[in-house]
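Each chain is listed here by its residues.
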Amino acid sequence: MRARDFDLVLFGASGFTGRLVAEVLHAWRSGGGALRWALAGRDPARLAAVRDALSAGEALPLLWADARDAAALARLAARTRAILSTVGPYQLHGEPLVTACAHAGTDYVDLCGEPLWMARMIRQLQAPAQSSGARIVFSCGFDSIPFDLGVVFLQHAARERLGAPLAEVHATVRAMKGGFSGGTAASLLATMEAVARDPALARTLDDPFALTPGFRGPPQPDGDAAAWDELVGCWSGPFVMAPINTKNVHRSNALRGHPWGRDFRYVERMGTGAGAAGRAGALALARASRWQRRLLAVAPTRALIRRWLLPRWARGRTAPRASPAATRSRSPAAAPTAPCCAPACAASATPATGRPAGSSRTARWRCCTRSTAR
Ligand SMILES: NC(=O)c1ccc[n+]([C@@H]2O[C@H](COP(=O)([O-])OP(=O)(O)OC[C@H]3O[C@@H](n4cnc5c(N)ncnc54)[C@H](OP(=O)(O)O)[C@@H]3O)[C@@H](O)[C@H]2O)c1
């Protein structure tokens, strides 16, 4: 590969999430991290304001490209080893950039939570990315990483402690703080609008194997109903990110050659506690989820959200900092010594039946992650 000017370009540095990412990268770089990086976006003045806010000076280059300008994006992709894009909704703005990266052999990372677009990009770009060597990684945001990597770590622990991967993993979020950013809300609306235009796409949204073309696993546990989770010891209902994360978890298994088995099952839910209050909370969640789907399926609701709520969420972009959100997790799993701390979200795990040593055991694993608001 020809030498490239940068290790990493942050595209969309002027957005809500982009500025948070820029702060973290700048702090890491200032602490001695070795990284040749640049900020990129469509608006020079906004990018300069981000750089000023970081007090980064001219040593941090600014690069300009519009997300619709394929030629400019091809030039950008050729200059760097990797691009991290926070320019969403990706189904509206993402295709030219990820296409440029796939063809240029440039690694690409985003925060996408839009499975319809991801499924289409995988179909279109798998072959060129494989031939150029570009690694394309969707969904590297707070919404997905704790779950995707949580399962990876859990399965590592299971192999070490039980001698075999777990056949089924349940992830249950116990507590979560923070709200939608403007870009996240716009992405959800864009997805619902795509389904309204082509109702057949609803099948892709509902399909846990939508991101593993050529592979279908077994039927998956029902994540939509209110239910008592015996292992975790709490009631739970549907979790908003589950339709995205289940697909990512199955894709991670498939891309690794199914180390957790071709019969692997995964479910992700929101815990609501024990007792009558927990049960009422779980039933309310299940009802709210059904209503949210019905309401977002009709154009007037989406128009109202677009008209009244999106501008308010988008204004959050100018807030100095989102209040920190916390998702904590606890899980009956295979690691008696916890990697970290507080009991609040949970994953429960069923060892693979018919697999060796300790397979009737459920052990416990706790972890927590902190993040800024979505
Ligand atoms: N998975 C997660 O955990 C997670 C968390 C947060 C966000 N997200 C996703 O990240 C994405 C961004 O969210 P956000 O709230 O940060 O959005 P945002 O504040 O609206 O920022 C969007 C960014 O895209 C840029 N942009 C828009 N149109 C462009 C174009 N034509 N050319 C170049 N740049 C363009 C904007 O530039 P200007 O400043 O010039 O307008 C801005 O920098 C969304 O898709 C959201 O769903 C995911």
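Predicted model, so just to flag it, every value in this text is computed and none were measured. (Residues numbered from 1 in each chain as written. Predicted model: local features only at pLDDT ≥ 70, side-chain atom pairs only at ≥ 80, totals over all residues.)

Peer 1: Explanation requested: the overall build of the protein chain in the structure shown.
Peer 2: Helix and strand counts for the protein chain stand at 12 helices and 13 strands. In the protein chain, which comprises 374 residues, the proportion classed as buried is 42%. Looking at the protein chain alone, contacts between residues at least 24 apart form 77% of all its contacts between residues at least 6 apart. (Helix = DSSP H or I, 4+ residues; strand = E, 2+ residues; numbered from the N terminus. Buried ≥ 20, exposed ≤ 12 C-beta atoms within 10 Å, placed from the backbone. Contact = placed C-beta atoms within 7 Å.)

Peer 1: Would you take a moment to explain the sheet that holds strand 3 (residues 62–64) for this structure?
Peer 2: Strand pairs in the sheet, formed through backbone hydrogen bonds, run parallel or antiparallel to each other. Taken together, six strands build an open sheet; the order of strands is 3-2-1-4-5-6 and the sheet is parallel. Two strands close off the open sheet at either side, each with one partner strand: strand 3 and strand 6 (136–137). By the bridge criterion, three bridges tie strand 2 (residues 37–41) to strand 3 in an arrangement that is parallel. Across the sheet, residue Leu39 finds its bridge partner in strand 3, namely Leu62. (Pairing = 2+ DSSP bridges.)

Peer 1: Would you explain unusual backbone geometry in this entry?
Peer 2: Most peptide bonds adopt trans geometry, and most residues besides glycine take a negative phi value. Looking along the chain, the bond that leaves Gly88 and enters Pro89 is cis, with omega of 0°. Assignment of secondary structure puts Pro89 in the loop between strand 4 (80–85) and helix 4 (90–93). Look at Ser139: it is not a glycine, yet its phi comes out positive at around 60°. Residue placement: Ser139 occurs in the loop between strand 6 and helix 7 (145–162). Even without being a glycine, His258 presents a positive backbone phi close to 55°. Along the chain, the position of His258 falls in the loop between helix 10 (242–255) and strand 10 (265–273).

Peer 1: Would you explain the confidence of the model for the protein chain in this entry?
Peer 2: The predicted coordinates should not be examined in detail at positions where pLDDT is low. Counting all residues, the mean pLDDT for the protein chain is 84, and 83% of those residues have values of 70 or more. Note that residues 318–347 has pLDDT below 50 and, in this model, 107 contacts with residues that lie over four places away or in other chains. Note on residues 353–374: pLDDT is under 50 here. Beyond four places in sequence and across chains, it has 76 contacts. (pLDDT = per-residue confidence, 0-100.)

Peer 1: In this structure, what is going on with the pairing of strand 7 (residues 166–173)? I would like to understand it.
Peer 2: On a regular strand, each side chain points to the face opposite its neighbour's, so the side chains alternate between the two faces of the sheet. Among the eight residues of strand 7, eight are classified as buried, and the element is accordingly described as predominantly covered. Inspection of the sheet shows strand 7 paired to strand 10 by six bridges, in the parallel sense. Bridging across to strand 10, His170 finds its partner in Val267.

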